[in-house]
Amino acid sequence: GSPTMWPKLVNELTHFAYERNIFITIETEGSHFLETDHPISLLSISPKFSNSIPSLGITKPLGGIVDQKFIDQHNKSRLNNQAILKSIEYHSDYHIKPVIDKDLKIWPEIKQWLEDMNIPKSKVWLMPAGDNISSLLESYGPVMDLANQQGYNFTGRAHIIAFDTRREV
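Here is a short report on the structure shown in this document.

Quick notes on the overall build of the chain
Helix and strand counts for the chain come out as 6 helices and 6 strands. Starting at the N terminus and walking to the C terminus, you meet the elements of the chain as α-β-β-α-α-β-β-α-β-α-β-α. For the chain, whose C-alpha radius of gyration is 17 Å, the value lies close to the compact-globule estimate of 15 Å for 169 residues. By the burial criterion, 37% of the 169 residues in the chain qualify as buried. Sequence separation of 24 or more characterises 65% of the internal contacts of the chain that already satisfy a separation of 6 or more. As presented, the chain carries roughly 10,200 Å² of accessible surface, and 52% of it is formed by carbon and sulfur atoms. Looking at the chain, you have 17 positive and 20 negative side-chain charges, and the mean spots of the two groups are 2 Å apart.

Focus: helix α1 (residues 7–19)
For α1, with 13 residues, the first-to-last C-alpha span of 18 Å sits near the 18 Å given by 1.5 Å per residue. For α1, the complete set of buried residues consists of V10, N11, T14 and A17. Buried residues along α1 cover an arc of 125 degrees about the axis, so they all sit on one side. Along α1, the residues that are exposed and aim more than 90 degrees away from the buried face are K8, E12 and E19. The elements touched by buried residues of α1 are β1 (25–28). Note on α1: the residue one or two positions beyond its end, N21, has a positive phi of about 55 degrees.

Thoughts on the nonpolar core
Counting 27 residues, the largest nonpolar core has I100, W107, W113, L114, I119 and L126 as its most contacted members. Where this core is concerned, the elements lending two or more residues are α1, β2 (42–45), α3 (81–90), β3 (94–96), α4 (107–116) and α5 (133–150). The leading source of residues in this core is α4, at 4 residues. Residue contacts for L126: discarding those within four places in its chain leaves P98, I100, W107, V143, L146, A147, Y152, N153, F154 and T155.

Brief notes about the side chain of R78
Position of R78 among the secondary structure elements: in the loop between α2 (68–77) and α3. Despite being buried, R78 has no salt bridge partner; E109 is the closest side chain of opposite charge, sitting 4.3 Å away. Reaching out from R78, the side chain makes a polar contact with the backbone oxygen of K48 at a distance of 3.1 Å. There is a polar contact of 3.0 Å between the side chain of R78 and the side chain of N75.

What about the sheet that holds β1?
Spatially, the 3 strands line up as an open sheet ordered β1-β2-β3, and their pairing is parallel. Two strands lie at the open edges of the sheet, namely β1 and β3, each paired on one side alone. Here the strands of the sheet are splayed against their neighbours by 15 degrees on average, with no regard to which way each runs. Bridge analysis of β2 against β3 gives 3 bridges, and the strand direction is parallel. Of the residues in β3, the one forming a bridge with I45 is I96.

Re the pairing of β1
Taking every second residue as pointing to the same face, the buried face of β1 carries I26 and T28, while none of T25 and E27 on the other face is buried. Two elements, β1 and β2, share 4 bridges in a ladder whose sense is parallel. Looking across to β2, one finds that T28 is bridged to I45.

Thoughts on a nonpolar patch on the surface
A cluster of nonpolar side chains, contributed by M5, W6, L9 and L13, occupies part of the molecular surface with about 430 Å² of accessible area. Mapped onto the elements, M5 comes out in the segment before α1.

What counts and what doesn't
Throughout this description, residue numbers start from 1 for each chain and increase along the sequence as written. Residue-level local features of this predicted model are given only where pLDDT is at least 70; pairs of side-chain atoms are given and counted only at 80 or more, and the full residue set underlies all totals for whole chains, interfaces and linings. Side-chain measures here rest on the full set of heavy atoms in the structure, leaving out hydrogens and waters. Note on conventions: DSSP H or I runs of at least 4 residues are helices, E runs of at least 2 residues are strands, and numbering of each starts at the N terminus. Radius of gyration here is computed from C-alpha atoms only, and the compact-globule reference equals 2.2 Å multiplied by the residue count raised to the power 0.38. Any residue under 20% of the maximum accessible area for its type is buried, any over 50% is exposed, and the rest in between are partly exposed; the area is computed with a 1.4 Å probe on protein chains only. By definition, residues are in contact when any of their heavy atoms lie within 4.5 Å. All accessible-area figures derive from a Shrake-Rupley calculation using a 1.4 Å probe, and residue coverage is judged against the displayed protein chains alone. His is not counted here, nor are the chain ends, while Lys and Arg score as positive and Asp and Glu score as negative. One atom stands in for each charge, and that atom is NZ of Lys, CZ of Arg, CG of Asp or CD of Glu. The span you would expect from a helix comes to 1.5 Å times its residue count less one. What the arc describes is the spread of directions from the helix axis to the C-beta atoms. Residues enter a nonpolar core if they are buried and are Ala, Val, Leu, Ile, Met, Phe, Trp, Tyr or Cys, with the set joined through side-chain atoms within 4.5 Å. Salt bridge criterion: a side-chain nitrogen from Lys or Arg within 4 Å of a carboxyl oxygen from Asp or Glu. Side-chain atoms alone can form a polar contact between residues adjacent in sequence; in general such a contact is a pair of N or O atoms within 3.5 Å, and within protein one must be able to donate a hydrogen while the other accepts it. Paired strands are those between which DSSP finds at least two bridges. Interaxial angles span 0 to 180 degrees and are taken between N-to-C directions of axes, which are lines fitted to C-alpha atoms, for helices over the stretch in contact. The patches described consist of residues with a relative accessible area above 30% and no salt bridge, like charges being joined within 9 Å and nonpolar side chains (Val, Leu, Ile, Met, Phe, Trp, Tyr) within 5 Å.

Below, the structure written as structure tokens:
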């Protein structure tokens, strides 16, 4: 789950890093603001846009079936602009990593959000969507082209290339 679910642990990690002059990066979807005694060096924020909403009736990655209650819970905190802005202000540095599908249909929603949030292009890393190697590779070219054409950064998803659908790696 998100590190924001474990505030005491994250705070302990920031103490450990601060005392040893270690740069610490925390990846989060940004749904909750997490105050720590020492600011996190880099927040890697991947906001959940409408393309993250699970479809009714599909199997969840760890088992079970997506029902309306699950979708409603997902939507309740999937895009918390206030928490994201507060996190950006509080912690040392940040970047935004939106996930973009191969058809790029989500791009207008993401682009508008980036403009509304006043996020500089230099802080944005466009990331291709894909739950496995083959679907990820279908997104690489279109998302890479979009990043190049629009003046944004691009980041791959090496963990999927390396481990495909394996969890907890």
